[in-house]
Amino acid sequence: MRKLPFWVLILTLMFCPALRPNVSGDSLENGLPGNKTESHPAPKTSFERSVLVIYYGRYRETKDENNFRKYWDFPLNDLGLKARYRNMRDGFPHLKELDRTRAVFFQFDDNPVPHPLALWTFINALLERQIKVIFLESFPEDPPDQVNRSDVRQSREKALSRMGLKIAGDWDTNSFGLDYVAKDSKMEGFEYPLPKFPSEFRPLVNISSKNQVFLSVKSTLPRNQGLQSVYAISGSWGGMVFDPFMIRWPILDNTHTLWFVDPFRFLETVLAVRKTPRMDLTTLNGMRIFYSQVDGDAFDTLSLYERRRMSAEVLYQKVFQKFDLPFSVSVITSQIDPHYQGSMNRVFWARKIFALPNVEAASHTFSHPFYWEPTEKQKDEGPVHIEIPHYKLNFRMEINGSIDWINQNLLPPGKKVMLLQWSGDTRPGRAALAQLATTSVLNINGSDTRFDNNAPSYTFVFPYFRRVDGYTQYYNSDVNDYILTNDWKGPYFGYLNVIKTFERTDRPRRVDPIDVYFHFYAGERESSLNALKQVLSWVSTQNIAPMFASGFVKVEQGYISAHIQKEGAGEGNGWVIEDYGKDTTVRFDHADQLYPEISSGVIGFRHRMGCLYVYLAPDQRKATIKLLKKPPLGPWLSKSTGYVRLHGPISRKIFSFSYNGWVANDKVVWKGLYPSTPYRLSRQSRIGNRKNTVFLMSDKGGMLSVAHIENAVRYSLSVGRSGSD
């Protein structure tokens, strides 16, 4: 090649900026305003939160009824990830549809899969594009008539080779000749110990030193001599975990399903998300979210111990008025409206309940559908909703009609219906969700999460939401009193048991908010009412961030919509969180030695149970989290029962903030201030432009609690001395 003259190279560099060397470096001053050197922001890469689940089994499974949805969807949600579903019978998606997909899960049972060539071709394409592949429960088996097809065999062997695996040996179910070779105690034996001896040998072995084997089995039989069957493994390509070492399936007891494998650790490993941020919907500014929703059933039922009083009246006086907590209360309008099956007395008490400042209005529909998509068999067995003369199920009446009637007849000025609480089987189809979308009302219900002695496993914790043809059903968080009283057959104090669920979903890992979910018939019996009151008394002693149920649904919306980007390639670079809405908490697990920088939308943090909870500024579209190995030098928000907004820059000398939460006159706690220093708290008065000023003292650790905070009032906190004004 002919060399260019030196002067040509100089001119080229002068007039072709793209060819100049990057001399900006990574120093902080290069990014400061007014610096002459141009700032080059770190490149961002999208952190994909979505996975595709391809399921196939012997039964006609649906997007709601498959084992991934039943068992794995919740731990996936806990890690901040979301699943979408596709039945293998519907074929495989085009690779262009997987541009925003982190991994593809295959949930199979032991039955041969149809179209094995298409399956292995698809798997090879995923591996070639470096999209992670994870197999759960069972490895795909070829149909007997296609086992020996050369094209199928070649495609399968090509995929296995890419994963560092091969098929070798023979099935062995002689447990006396089997033993464990590798058994990672951190991965297996999570809720239930593995059997003393394995029950089968699968002819699938690892041939790559780059794979990490968590569980393998060997056989003493000559035909499998020297082979180790893998049952739990991970690699750069993804991973797999198989039964009978995934979940302890019930034999005689159909209620005690337990995890053999640690689902959280397994997903973290195979998806490579151990150090990544998780959107978290359990916590607000360090406090556990609390909300309560009341279904409208038995509003008019007469109390059995408060004679001649309806359950609604009992709950009004004994619960809604007595507990300084928010309640989202719904009614079934056909049971209230005098034109149908209601009365003016019921209208009177509904109006009194909805007039309370701690009550949010919701609809529990017009006729309480028992099934939102009833089958022909369900229609034949009896009514599919409360029987009303001449009425047939109509979604417009159930949804729009009930909402409009409550707004027009039961609510005081300034209030409107905020929620629709699904009734009956709580499984709305596309038609019902599409009808609700014609309103501005949110929706909730659908989860029966419990974690107690009768359901002692994370397998009983529900996912956070449900997708139906482009629409979203937002799940509530915890089991209700109907279930815990055995379908209202007793014991009627059974709702007390929900406290165990609240405790176990908080420690050793917080996976759900506190959701006190009950019905009006709680006021029917003294034992049921006392149980509810004891539950609410327990809640009142907890460190909670109370909100109405509609507020929690908005947190769920932010959880779903949030988009995460990695800023730069190294661990010291930041994470950009966008479109998070009301979900202002981002959690980093295994991060008790890390701290966030207080800037770019980050206002505070807390360490808890080995996790770092980072607080984002509310009502802001974007925030940047940069993790540090030392605490920040300036002040930060330590905890608050509501949302906190900063107004302008924050420093130890002065900063301004406002509070927006349900709890009146509560406190906000700041850390990182000057230790043992007097501070002046100025509050903008509601009357005119006067400022009320009080003087507070930070403790020796630089913490300061600001009590009696009011909603939507701007405060200024500055270094000062009493009497200096």
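Keep in mind the model is a prediction, meaning the values are calculated, not measured. (Residues numbered from 1 in each chain as written. Predicted model: local features only at pLDDT ≥ 70, side-chain atom pairs only at ≥ 80, totals over all residues. Heavy atoms only, no water.)

Considerations on the sheet that holds strand β1 (residues 44-47)
Strand order in the open sheet formed by four strands is β1-β25-β26-β31, with antiparallel pairing between adjacent strands. Of all the strands in the sheet, just β1 and β31 (622-625) have a single pairing partner and so form its edges. Looking at each pair of strands side by side, their axes are set apart by 25° on average, direction ignored. Across four bridges, strand β26 (residues 575-578) lies against β31 in antiparallel orientation. In the strand pairing of β31, E578 is matched with K622. (Pairing = 2+ DSSP bridges. Helix = DSSP H or I, 4+ residues; strand = E, 2+ residues; numbered from the N terminus. Axes fitted to C-alpha atoms, helices over the stretch in contact; angles between N-to-C directions.)

Some thoughts on empty space enclosed by the protein
For the structure on display, the rule yields two cavities of 30 Å³ or more. By volume, the largest cavity amounts to about 50 Å³. L281, S447, T449, F462, P463, Y464, Y475, N476, S477, D512, F552 and E556 together form the lining of the largest cavity. Looking at the lining of the largest cavity residue by residue, the classes come out as six nonpolar, four polar and two charged. When its volume is computed, the second largest cavity comes out at roughly 40 Å³. Looking at the second largest cavity, the residues that line it are D481, W488, Y492, Y495, F518, A522, S528, A531 and L532. At three residues, helix α14 (residues 526-540) tops the list of elements feeding residues into the lining of the second largest cavity. (1 Å grid on protein atoms, 1.4 Å probe; cavity = no way out; pocket = protein on both sides within 12 Å on 5 of 7 lines; lining within 4 Å. Points joined across faces, edges and corners; volume = space filled by probe spheres on them. Nonpolar A, V, L, I, M, F, W, Y, C, P; charged D, E, K, R; others polar.)

Considerations on the pattern of salt bridges
Within the structure shown, the criterion is met by 30 salt bridges. Across the pair E128 and R162 runs a salt bridge whose closest N-O atoms are separated by 3.8 Å. Of this pair, E128 sits in helix α3 (residues 116-128) while R162 sits in helix α4 (residues 150-163), and the two are 34 residues apart along the sequence. Between E710 and R683 there is a salt bridge, and its shortest N-O distance comes to 2.9 Å. On the criterion of sequence distance, the pair formed by E710 in the loop between β39 (704-709) and β40 (714-719) and R683 in strand β37 (residues 678-684) is long-range, its members being 27 residues apart. The class of R683 is partly exposed, set by a relative accessible area of 23%. (Salt bridge = Lys/Arg side-chain N within 4 Å of Asp/Glu carboxyl O. Buried < 20%, exposed > 50% of the residue type's maximum accessible area, 1.4 Å probe, protein only.)

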